[in-house]
Amino acid sequence: MTGTTVVIATRNRAGELARTLRELTSLRPAPAIVVVDNASADHTSAVAGSFPGVRLIRLRRNLAAAARNVGVAEATTPYVAFSDDDSWWAEGALAEAERILDAYPEVGLLAARTLVGPPGTDDPVNASMAASPLGRARELPGPSVLGFLGCAVVVRKVAFVQAGGFSELLHFGAEERLLALDLAAHDWKLCYAGEVHAHHHPSPNRPAPTWRARAERRNNLLITWLRRPLRRCLAQTAALAVRAVRDADARTVLVGLLARLPSALRQRRRLPEFVEQQARRLERAEEARDSVKPRFAEEQA
């Protein structure tokens, strides 16, 4: 048994879950595994229950990403690794993550290198995190980051609990961004660990891209209201309202935002200035990359 518990939140993906559990239970040493079934209508729970040693928690309603919090609460190990029902950890990855976290007690989160599909292609986010605009401090094991992929991350349980876990308000989409900000606000360090590998074989049973894009757009604005300066909140919401006059997608996002805004205001807590500065640095870097893309496209035309 390792010092890490793997937590999987799943819904209506029994087939994918079976493969993930086969991969995880074959690891040596074997990690503890907690599966949280988000009120599935298929035989997801039966699949999870068929693997000896896997702890199954069945929820009466779909908590989406926040179901991971339930799994973390069940963990008795100091570290928790998240997998999705279509992702798993490479042999030796969890032991390497434990070694790093043991050696660097100030690190609360390690973002792993994600390898996609049978070819093991690097997810584009790997290069982005390896070249993080936040740089790499000498006293840390890897580049500092302020985001991660939920299917390829290892957290220190005490840090996760202190930060409040995943937000129920967001439900699904961009939930990693808010947790990263909250971990940093509690002075935990977040690092990219390219030597820690996770495999992701994206399920074909996924929300429509347009639905996901709207959810992430809504949630990113909710995160602004939850943690960022008021002037930014008002400016971004006003810009969305202007677009909503002629854009149906923007109207859907705006309606979703307004429905959740009272809850967001009750939970509003400004980031410490040092985290706000990191967030702004990342945004400036993203804006600079986006400004280069159109020119590059024109040059290639």
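The sections below set out a description of the structure shown in this document. What you see is a predicted model, and the numbers here were worked out from it, not measured in a lab. (Residues numbered from 1 in each chain as written. Predicted model: local features only at pLDDT ≥ 70, side-chain atom pairs only at ≥ 80, totals over all residues. Heavy atoms only, no water.)

**Some thoughts on the pattern of salt bridges**
Logical step 1: Using the criterion set out here, one finds 18 salt bridges in the structure.
Logical step 2: Of the charged contacts, one joins Asp182 and Arg269 as a salt bridge, the two residues approaching to 3.7 Å between their closest N and O atoms. Linking Asp182 in helix 7 (residues 175-185) with Arg269 in the loop between helix 10 (248-266) and helix 11 (273-300), this pair joins segments that are 87 residues apart in sequence.
Logical step 3: For Arg269, a relative accessible area of 41% puts it in the partly exposed group.
Logical step 4: By sharing partners, the salt bridges in this structure join Arg228, Arg232, Glu276, Arg280 and Glu283 into a single network. (Salt bridge = Lys/Arg side-chain N within 4 Å of Asp/Glu carboxyl O. Helix = DSSP H or I, 4+ residues; strand = E, 2+ residues; numbered from the N terminus. Buried < 20%, exposed > 50% of the residue type's maximum accessible area, 1.4 Å probe, protein only.)

**Considerations on the pairing of strand 2 (residues 32-37)**
Logical step 1: Counting buried positions along strand 2 gives five out of six residues, so the element sits mostly inside the fold.
Logical step 2: The parallel pair strand 1 (residues 4-10) and strand 2, bridged by helix 1 (residues 14-25), forms a crossover whose chirality is right-handed.
Logical step 3: Sheet topology note: the strand 2/strand 3 (residues 54-58) ladder contains five bridges and is parallel. Bridging across to strand 3, Asp37 finds its partner in Arg58. (Right-handed = clockwise from strand over helix to strand, strands pointing away. Pairing = 2+ DSSP bridges.)

**Concerning the pairing of strand 8 (residues 153-156)**
Logical step 1: Every second residue of strand 8 is oriented toward a common face, with Val153 and Val155 on one face and Val154 and Arg156 on the other, all of them buried.
Logical step 2: Two strands pair when backbone bridges link them, and strand 4 (residues 79-83) and strand 8 are joined in this way by four bridges, in the antiparallel orientation. Within the sheet, the bridge partner assigned to Phe82 lies in strand 8 and is Val153.
Logical step 3: As paired elements, strand 6 (residues 107-116) and strand 8 share three bridges and run antiparallel to each other. By the bridge assignment for strand 8, Ala111 is matched with Val153.

**A look at the layout of surface pockets**
Logical step 1: Approximately 200 Å³ is the volume found for the second largest pocket.
Logical step 2: Elements with a contribution of two residues or more to the lining of the second largest pocket: strand 9 (189-200) and helix 11.
Logical step 3: Examining the composition of the lining of the second largest pocket, we find that three residues originate from one element, helix 11, more than from any other. (1 Å grid on protein atoms, 1.4 Å probe; cavity = no way out; pocket = protein on both sides within 12 Å on 5 of 7 lines; lining within 4 Å. Points joined across faces, edges and corners; volume = space filled by probe spheres on them.)

**Quick notes on the side chain of Arg227**
Logical step 1: Structurally, the position occupied by Arg227 is in helix 8 (residues 209-227).
Logical step 2: Judged by its relative accessible area of 6%, Arg227 is buried.
Logical step 3: Residues within four places of Arg227 in sequence aside, it is in contact with Leu178, Asp182, Gln267, Arg268, Arg269, Arg270 and Leu271. (Contact = heavy atoms within 4.5 Å.)

**Comments concerning the packing of aromatic side chains**
Remark: the centre distance and the inter-plane angle together describe each pair of aromatic rings, the angle taken between the planes.
Logical step 1: Throughout the structure, instances matching the rule amount to four aromatic pairs.
Logical step 2: Here the aromatic rings of Phe82 and Phe160 are separated by 5.6 Å at their centres, their planes lie at 50°, and the arrangement is tilted. A residue pair is termed long-range when its members are at least 10 positions apart, and Phe82 in strand 4 and Phe160 in helix 6 (residues 157-163) qualify at 78 residues.
Logical step 3: Phe160 sits in the buried class, given a relative accessible area of 3%.
Logical step 4: For the ring pair Phe172 and Trp211, a centre distance of 5.9 Å and an interplane angle of 25° mean the geometry is stacked. (Phe/Tyr/Trp six-rings, centres within 6.5 Å; stacked < 30°, edge-to-face > 60°.)

**Some details on the side chain of Thr10**
Logical step 1: For Thr10, the location among the structural elements is in strand 1.
Logical step 2: When sequence neighbours within four positions are dropped, the list of residues in contact with Thr10 reads Leu17, Val35, Val36, Asp37, Asn38, Ser40, Thr44 and Asp85.

**Considerations on unusual backbone geometry**
Logical step 1: Note that the residue after Arg28, namely Pro29, is joined by a cis bond; omega there is 0°.
Logical step 2: The topology assignment puts Pro29 in the loop between helix 1 and strand 2.
Logical step 3: We note that Asn12 has phi near 55°; this positive angle belongs to a residue other than glycine.
Logical step 4: Within the secondary structure, Asn12 sits in the loop between strand 1 and helix 1.
Logical step 5: The class of Asn12 is partly exposed, set by a relative accessible area of 26%.
Logical step 6: Phi is positive for Asp187, which is not a glycine, with a value near 70°.
Logical step 7: Assessed through its relative accessible area of 48%, Asp187 is described here as partly exposed.

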